[in-house]
Amino acid sequence: MQFQLKAATPLKGNKKQLAYAFIVACQNEQSQAIIDDATRLVLPQLVQNTLRIAIDTDHFNATAKQQISVIDEDAHTQFIVVGTSKKSAKTAKTAAQEITTYCQQYEIKQASVFIDSNLDDDYALNQFILSAADCAYTFECPSGMNTGEHAKNNAKKASQSAKRTLTLLTHGTPKAAQKQQVTQAIAIAQGVALTKQLGNLPANYATPTHLGDVAKKLGKDYGFKVQVLERKQIAALKMNSFLSVAKGSTEPPRFIIIEYKGAGAKEAPTVLVGKGITFDSGGISLKPGLGMDEMKYDMCGAASVLGTFKTLGELKPKINVVGLIATCENMPAGNANKPGDVVTSMAGITIEVLNTDAEGRLILCDALTYAERYKPAAVVDMATLTGACVVAL
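Residues numbered from 1 in each chain as written. Predicted model: local features only at pLDDT ≥ 70, side-chain atom pairs only at ≥ 80, totals over all residues. Heavy atoms only, no water.

Asker: Quick rundown of the overall build of the protein chain? Include the residues and the values.
Answerer: When helices and strands are counted, the protein chain shows twelve helices and 14 strands. With the C-alpha coordinates aligned to their principal axes, the bounding extent of the protein chain is approximately 80 × 50 × 40 Å. A buried classification covers 47% of the 393 residues belonging to the protein chain. Contacts in the protein chain between residues far apart in sequence, at least 24 positions, make up 75% of those at least 6 positions apart. Split by element, the accessible area of the protein chain, about 19700 Å² in all, is 53% carbon and sulfur. In the protein chain, 41 side chains carry a positive charge and 36 a negative one; their mean positions are 7 Å apart. (Helix = DSSP H or I, 4+ residues; strand = E, 2+ residues; numbered from the N terminus. Buried < 20%, exposed > 50% of the residue type's maximum accessible area, 1.4 Å probe, protein only. Contact = heavy atoms within 4.5 Å. Areas by Shrake-Rupley, 256 points an atom, 1.4 Å probe, with all protein chains shown as cover. Lys, Arg positive; Asp, Glu negative; His and termini not counted. Charge placed at Lys NZ, Arg CZ, Asp CG, Glu CD.)

Asker: Describe in detail the environment of M1, supporting the description with residues and values.
Answerer: Positionally, M1 belongs in the segment before β1 (2-7). Relative accessible area serves as the criterion here: at 21%, M1 is assigned to the partly exposed category. Sequence separation between M1 and Q160 is 159 residues, and the spatial gap between their C-alpha atoms is 8.4 Å. The residues touching M1, leaving out its near neighbours within four places in the chain, are T100, A132, A136, S161, A162, R164 and L166.

Asker: Which residues make up the packing of helix α7 (residues 208-222) against helix α10 (residues 300-315), and what values do they have?
Answerer: Packing of α7 against α10 leaves a shortest axis separation of 10 Å and a crossing angle of 10 degrees. As far as their axial angle goes, α10 and α7 are roughly parallel. On α10, the residues that touch L211, V214, A215, L218 and Y222 of α7 are A302, L306, F309, K310, G313 and E314. Partitioned by chemical class, the residues of the contact of α7 with α10 number eight nonpolar, one polar and two charged. (Axes fitted to C-alpha atoms, helices over the stretch in contact; angles between N-to-C directions. Parallel < 35°, antiparallel > 145°, perpendicular 65-115°, else oblique. Nonpolar A, V, L, I, M, F, W, Y, C, P; charged D, E, K, R; others polar.)

Asker: Lay out the environment of H76 in plain terms, naming residues and giving numbers.
Answerer: Of note, H76 is situated in the loop between β4 (67-72) and β5 (77-86). A relative accessible area of 22% places H76 in the partly exposed class. With 56 residues separating them along the chain, H76 and Y20 place their C-alpha atoms 8.9 Å apart. When sequence neighbours within four positions are dropped, the list of residues in contact with H76 reads G13, N14, K15, Q17, L18 and A19.

Asker: Provide a residue-level description of helix α11 (residues 359-371), including the pertinent values.
Answerer: Between its terminal C-alpha atoms α11 stretches 19 Å, which fits the 18 Å expected from 13 residues at 1.5 Å a residue. Summarising burial for α11: ten of the 13 residues are buried, a large majority. Along α11, the residues that are buried comprise E359, G360, L362, I363, L364, D366, A367, T369, Y370 and A371. Contacts from the buried residues of α11 go to α9 (240-246), β9 (254-261), β10 (270-280), β11 (320-330), β13 (350-353) and β14 (378-382). (Expected span 1.5 Å × (residues − 1).)

Asker: Explain the environment of Q48 to me, using residue names and the numbers behind them.
Answerer: Looking at where Q48 falls in the secondary structure, it is placed in helix α2 (residues 45-56). Residue classification places Q48 among the buried positions, given a relative accessible area of 13%. Taking C-alpha positions, Q48 is 61 Å from S281, a pair spaced 233 residues apart along the chain. Other than its neighbours up to four places away in sequence, Q48 contacts R40, L41 and L43.

Asker: So, unusual backbone geometry: which residues are in play, and what are the values?
Answerer: Here the phi dihedral of K65 falls at roughly 75 degrees; this positive angle occurs in a residue that is not glycine. By the element assignment, K65 lies in the loop between α2 and β4. Even without being a glycine, E107 presents a positive backbone phi close to 50 degrees. Here E107 is to be found in the loop between α3 (91-105) and β6 (110-115).

Structure below.
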């Protein structure tokens, strides 16, 4: 989904194609619908009169998900008023979800949204765009997997969503703060979409090699320095704890280093460390079969690091950031880690492996040791939580 921000002007469609405009309505303390005065006054008189009657007769009172639609034939424009209940921190999110769902349902390619006092909180525009993008997200099947009716429907929805444009209309020239919110939100939404896409890929597509290729593409697109280390190079770093997890799989491991330099060389970077277990069977300490398919999500820490770099590339903030991703599969095999094995980490510390399904700490400890060479200002470790946390709760 694409977003634009501009000053409101009279909307006009044509006989072949209506223009679509959304208006966000809230409720007052008496649970009556409120439409912003500035927005109401720019509406055609017919639309104003119709909405006034609907509100005065309680036909429309702006409860959440309630909608009323009026078509102005002269302007060939359909005005859709969406209710969001009483104004709150969730107003922008509720409005975005309603509007996006409406556009999807009726396959609307272009629409406008009035940004007024009902969407004037500090981060309303930011929340609106992120919520709309989240609602519009559809998994895009990679080549070779896009067969079957469900996949074809998803591909159609993804294509329509990518081409859909929401124009955010302000009363008067957009303010600098509004422009900044929109720019940031669009960049964050792009990073989130990449993270979701990687997380939703099947494990035989989202392999360690694929994650390395995605990192290289980000480097090419945005000018990041990217290194993708293979097994021999990882071994040369003495990351034996990491490699002990990887050795049970035929999929080769990768250690990915991606650097964004937006500040001076003397400024200490923030290091993002991502857990990239692209499939976690548990190894010899095998997980139960029920729900094991969801273990493809054990690389979402790595996906989050890559998504963050997508956002960094779009925003270009004046900071330094390093991403470190240790990625492999955790599989059972004749040469896999066994309960009771002892391995030596990059830091030179020996580790007794009592349960091979505790593989995350084995790969992350080596990545965290590697992070020390950057003398970071902060380290952020991104990893899916162990299933034991559910038991603890």
